[in-house]
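Given next are the chains, with one letter for each unit.
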Amino acid sequence: MTGSRVVALGHYQPAKVLTNDDLAVMVDTSDEWITSRVGIRTRHVGGPDEPVDDLAAHAAAKALATAGLQPSDIDMVLVATSTAIDRSPSMSARVATRLGMGSPAVMDINVVCSGFTHALATADHAIRAGAATRALVIGADKMGDIVDWTDRSTCVLMGDGAGAAVVTADPEGGERPGIGPVLWGSVPEMGNAVRIEGTPPRFAQEGQSVYRWATTQLPPIARKVCERAGVTPEDLAAVVLHQANLRIIEPVARKIGAVNAVIARDVVDSGNTSAASIPMALSKMVERGEVESGAPALLFGFGGNLSYAGQVIRCP
């Protein structure tokens, strides 16, 4: 059984930027109120001519170009999203069509904010089992389509974007696997704390419940992810948590104990982009040269369904 590794990353965000001052014209809020409570200053918002699969395809094309691969080299496409309005064709099938792929396996995965880390684990398992050799794993969400822009408690949080990873077989992984074992789970009885419901669908959450769960229950789980990967938190070069809220990211990262790691804070500029947040933040970190190739990075998604999934990867 072979292992797998991430060989390239890509990200994409719509051109339109919505600042806190812009939001203050729309709802009763202010830059000070937003930054002091969630740490967000700007977010990107797509227009009606920028569907989820468009965001995903742009990020995927960038990742493929970075990897030096052609679309026809990919035999599996996984798109993590919770904002695909249409049921079929799936976002993964539409991305494959947009990029001119051959006949890849296509699958959408909806685990909301922890979707990308679930999808990455699924690709790793498929490659380890010999069911795929090169996978494109994408997190893409257009939260602007489902947020209530009159609700100041939620509209200040959300942004649109996509991030992508090219995952290939890694027969030389040995004791340093490119993608470590996943640790995943959920708290089903608290699943209603984050909701996307109704027609048209709208996002809602019980913010305090999510905050307490994330800051108290998740740090020991994240440390177990490191243990499964055979690294200590001190060994980590980067920590990329779901970019939900700076007031969650900073205490969780501190409690994990990754004292030598660069902590992703892309939420400040991008807002909460749900399944896109982890690959987008990691892609930017690698592009800026903040982490070295081969360095261990903890990826840890959490949120909707009160689900979580994490793994340690070696950076491309």
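Structural notes, computed from the coordinates. Note that this is a predicted model, so its numbers are computed, not measured.

## Topic: the side chain of Gln-13
Logical step 1: Note on placement: Gln-13 falls in the loop between strand 1 (3-12) and strand 2 (17-19).
Logical step 2: Engagement of the side chain of Gln-13 in a polar contact is seen with the side chain of Lys-284, the distance being 2.8 Å.
Logical step 3: Beyond its immediate sequence surroundings of up to four residues, Gln-13 is in contact with His-44, Asp-160, Gly-161, Ser-270, Met-280 and Lys-284.

## Comments concerning the sheet that holds strand 5 (residues 105-109)
Logical step 1: Pairing is mixed in the open sheet, where 5 strands are placed in the order 1-7-6-4-5. Pairing within the sheet leaves two strands with one partner each, and these edge strands are strand 1 and strand 5. Neighbour-to-neighbour, the strand axes of the sheet open up by a mean angle of 20 degrees, direction not taken into account.
Logical step 2: One ladder, built from 5 bridges, connects strand 4 (residues 76-80) with strand 5; its direction is parallel. Looking at the pairing, Ala-80 lines up with Ile-109 of strand 5.

## A word on the packing of aromatic side chains
By convention here, two paired aromatic rings are described through the distance between centres and the angle between planes.
Logical step 1: Scanning the model with the defined rule gives 2 aromatic pairs in all.
Logical step 2: Judged by centre distance (6.4 Å) and plane angle (40 degrees), the rings of Phe-300 and Phe-302 are tilted.
Logical step 3: Residue Phe-300 is classed as buried on the basis of its relative accessible area of 0%.
Logical step 4: Taken together, the ring pairs in this structure connect Phe-300, Phe-302 and Tyr-308 into an aromatic cluster.
Logical step 5: Here the basic side chain of Arg-152 rests over the ring of Trp-33, its NZ or CZ set 4.4 Å away from the ring centre.
Logical step 6: Seen from the ring of Tyr-211, Arg-247 lies directly overhead, with NZ or CZ sitting 5.0 Å from the centre.

## Observations regarding unusual backbone geometry
Logical step 1: Omega for the bond connecting Ser-88 with Pro-89 falls within 30 degrees of zero, at 0 degrees, which places this linkage in the cis form.
Logical step 2: Relative to the assigned elements, Pro-89 resides in the loop between strand 4 and helix 4 (91-99).
Logical step 3: At the junction of Thr-199 and Pro-200, the peptide bond is cis and its omega measures out at 0 degrees in the coordinates.
Logical step 4: Despite not being glycine, Val-112 has its phi angle at roughly 50 degrees, a positive value.
Logical step 5: Of note, Val-112 is situated in the loop between strand 5 and helix 5 (115-128).
Logical step 6: A positive phi is found at Ser-274, a non-glycine position, where the angle reads about 55 degrees.
Logical step 7: Relative to the helices and strands, Ser-274 is located in the loop between helix 9 (267-270) and helix 10 (277-287).

## Notes on the packing of helix 3 (residues 52-67) against helix 4
Logical step 1: Viewed as axis vectors pointing N to C, helix 3 and helix 4 meet at an angle of 55 degrees, and their least axial separation amounts to 9 Å. Classified by the angle their axes make, helix 3 and helix 4 are oblique. The two elements helix 3 and helix 4 cross, and the hand of that crossing is right-handed. Here Val-52, Asp-53, Asp-54, Ala-56, Ala-57, Ala-60, Ala-61 and Leu-64 of helix 3 lie close against helix 4, whose contacting residues are Met-91, Arg-94, Val-95, Arg-98 and Leu-99.
Logical step 2: Across the contact of helix 3 with helix 4, the residue classes tally to 9 nonpolar, no polar and 4 charged.

## Looking at the pattern of salt bridges
Working definition: two side chains of opposite charge can pair if their charged atoms are close together.
Logical step 1: Under the criterion given, the structure shown has 13 salt bridges.
Logical step 2: The salt bridge involving Asp-86 is made with Arg-94; its shortest N-O contact spans 3.2 Å.
Logical step 3: With a relative accessible area of 40%, Asp-86 lands in the partly exposed category.
Logical step 4: With a shortest N-O distance of 2.9 Å, Asp-266 and Lys-284 are connected by a salt bridge.

Rules behind the numbers
Residues numbered from 1 in each chain as written. Predicted model: local features only at pLDDT ≥ 70, side-chain atom pairs only at ≥ 80, totals over all residues. Heavy atoms only, no water. Helix = DSSP H or I, 4+ residues; strand = E, 2+ residues; numbered from the N terminus. Polar contact = N/O pair within 3.5 Å; in protein donor to acceptor, adjacent residues only side chain to side chain. Contact = heavy atoms within 4.5 Å. Pairing = 2+ DSSP bridges. Axes fitted to C-alpha atoms, helices over the stretch in contact; angles between N-to-C directions. Phe/Tyr/Trp six-rings, centres within 6.5 Å; stacked < 30°, edge-to-face > 60°. Buried < 20%, exposed > 50% of the residue type's maximum accessible area, 1.4 Å probe, protein only. Lys NZ or Arg CZ within 6 Å of the ring centre and 35° of its normal. Parallel < 35°, antiparallel > 145°, perpendicular 65-115°, else oblique. Left-handed = near helix turned anticlockwise from the far one by under 90°. Nonpolar A, V, L, I, M, F, W, Y, C, P; charged D, E, K, R; others polar. Salt bridge = Lys/Arg side-chain N within 4 Å of Asp/Glu carboxyl O.

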